[in-house]
Amino acid sequence: MRIELAGRNPLRRRELRADFHGDTGNLVLDARGLQWVSPLELAAIVTMGTVADARGREVRLLVPHDPKIASYLVRMNVVELLKPFAEIDGPVPSQERRDHSDKLLEVAEVTPANIEVVCDRLGLLVTERLGPEAGRAAFDSLAELLNNATTHGYSKTGAFTAAQLYSGTLSRTPGFEFAVCDCGDGIQKVLSSATNQDLEGPAALELALNGGVRRADGRGHGLPNLWRQAIRGCRGGELMLRSGGAVATAKLRSDPTSIYSRVAEPVDGTWAWLRVRVP
């Protein structure tokens, strides 16, 4: 299978560009045409490669033609995390690693054992740069997404996260962008089991974002408070959930709007991407 990663933010599109022609079961991540990459692409590339390797498949990354994008994949640990098991096809720029901990969280595996460390780093990142109110609101949402990835979303192949702050110099929309991709059972399976219903993918995502399922031990499945947390002190934002064969996209504001869709190409586990905009 070949996944085409081309243009700007390709994994935020509704449909993945996958080619199964002559499929051998191996995975080719074709990033040659990448023009802009977000934390979602960074975390998902590592997640897809890790899952394929765990299943005994060969993994190959075709390096972006744009040297700046290729350098960014190196800077954000994508190449480092894939190198032990994947063929890296193309020139990989060498670079002197600078400390950008005030605005970046490079791709990192997140597990039940290190989630507190990851959360602490994210907390410092967002509160120091976004201010106490907007930073705390963003952090609450991130912690909820990470918690889901390390509980019912956790698997032996782990979960991966990445984050970046944007000054707004280029995009004119300063804010914070975050992603976490897990390889667990996925939202549809988890909520179908919790409700004793055979939920379809879009219905499961809608339940996850709006209602959730309260369990006897007091824990709940779902993210019903996430967008209310995310927009406190902010100009709103966007959320995307991709799980199994369904995608949900939500505009986060005082009156949030969401779209739930079936998609042709399913993914393992759940991918979550969140962008918060600040004044």
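Let me sum up the structure you'll find in this document. (Residues numbered from 1 in each chain as written. Predicted model: local features only at pLDDT ≥ 70, side-chain atom pairs only at ≥ 80, totals over all residues. Heavy atoms only, no water.)

### Details of helix H2 (residues 67–75)
Those residues of H2 that fall on the buried side of the exposure criterion are Ile69, Ala70, Tyr72, Leu73, Val74 and Arg75. Buried residues in H2 make contact with strand E5 (34–36), helix H1 (39–54), helix H3 (78–82), strand E8 (104–110) and strand E9 (159–166). Of the residues that open H2, the one with a side-chain oxygen 2.9 Å from the backbone nitrogen of lysine 68 is aspartate 66. Looking at the residues trailing H2, positive phi occurs at asparagine 77, about 75 degrees. (Buried < 20%, exposed > 50% of the residue type's maximum accessible area, 1.4 Å probe, protein only. Helix = DSSP H or I, 4+ residues; strand = E, 2+ residues; numbered from the N terminus. Contact = heavy atoms within 4.5 Å. Polar contact = N/O pair within 3.5 Å; in protein donor to acceptor, adjacent residues only side chain to side chain.)

### Quick notes on the environment of leucine 239
Secondary-structure assignment places leucine 239 in strand E13 (residues 237–252). The spatial distance from the C-alpha of leucine 239 to the C-alpha of alanine 272 is 7.4 Å, given a sequence separation of 33 residues.

### As for the pairing of strand E4 (residues 27–30)
Residue alternation in E4 divides its side chains into two sets, Leu27 and Leu29 and Val28 and Asp30, and both sets are buried. Note: strand E1 (residues 2–4) against E4, three bridges, orientation parallel. Looking at the pairing, isoleucine 3 lines up with leucine 29 of E4. Examined bridge by bridge, E4 and strand E6 (residues 59–62) share four bridges and lie parallel to one another. Paired with leucine 29 across the strands is leucine 61, a residue of E6. (Pairing = 2+ DSSP bridges.)

### A few points about the nonpolar core
Counting residues in each nonpolar core, the largest one holds 43 residues, and the members touching the most others are Leu5, Leu11, Leu29, Leu40, Leu42, Val78 and Trp271. Once you skip the residues sitting within four places of it in the chain, leucine 42 turns out to touch Val37, Tyr72, Leu73, Met76, Val78, Val107 and Ala162. Core analysis: the second largest hydrophobic core is formed by 38 residues, Val118, Ile187, Leu239 and Leu252 among them. (Core = buried A, V, L, I, M, F, W, Y, C linked by side-chain atoms within 4.5 Å.)

### What to know about the sheet that holds E1
The strand order across the open sheet built from five strands is E3-E1-E4-E6-E7, with neighbouring strands paired in mixed fashion. Each edge of the open sheet is held by one strand with a lone partner, namely strand E3 (18–19) and strand E7 (86–89). Pairing geometry for E6 and E7, over four bridges, is parallel. Note that in E7 the partner of leucine 62 across the bridge is aspartate 89. Across the sheet, H1 lies against E1, E4 and E6, angled at about 165 degrees from E4, the strand it touches most. (Axes fitted to C-alpha atoms, helices over the stretch in contact; angles between N-to-C directions.)

### Looking at the packing of helix H6 (residues 187–195) against helix H7 (residues 201–210)
Packing of H6 against H7 brings their axes to within 9 Å, and their N-to-C directions diverge by 75 degrees. Between H6 and H7, the crossing angle belongs to the class labelled roughly perpendicular. Counted together, Ile187, Gln188, Leu191 and Thr195 of H6 and Gly201, Ala204, Leu205, Leu207 and Ala208 of H7 form the full contact between these two elements. A breakdown of the residues in the contact of H6 with H7 according to their chemical character gives six nonpolar, three polar and no charged. (Parallel < 35°, antiparallel > 145°, perpendicular 65-115°, else oblique. Nonpolar A, V, L, I, M, F, W, Y, C, P; charged D, E, K, R; others polar.)

### A short note on the pattern of salt bridges
Evaluation of the coordinates by the stated rule reveals twelve salt bridges. Of the charged contacts in the structure, one is a salt bridge between aspartate 30 and arginine 2, with a shortest N-O distance of 2.9 Å. A residue pair is termed long-range when its members are at least 10 positions apart, and aspartate 30 in strand E4 and arginine 2 in strand E1 qualify at 28 residues. On the accessibility criterion, aspartate 30 (5% relative accessible area) is buried. Each of Arg2, Asp30 and Arg32 takes part in one network of salt bridges that share partners. (Salt bridge = Lys/Arg side-chain N within 4 Å of Asp/Glu carboxyl O.)

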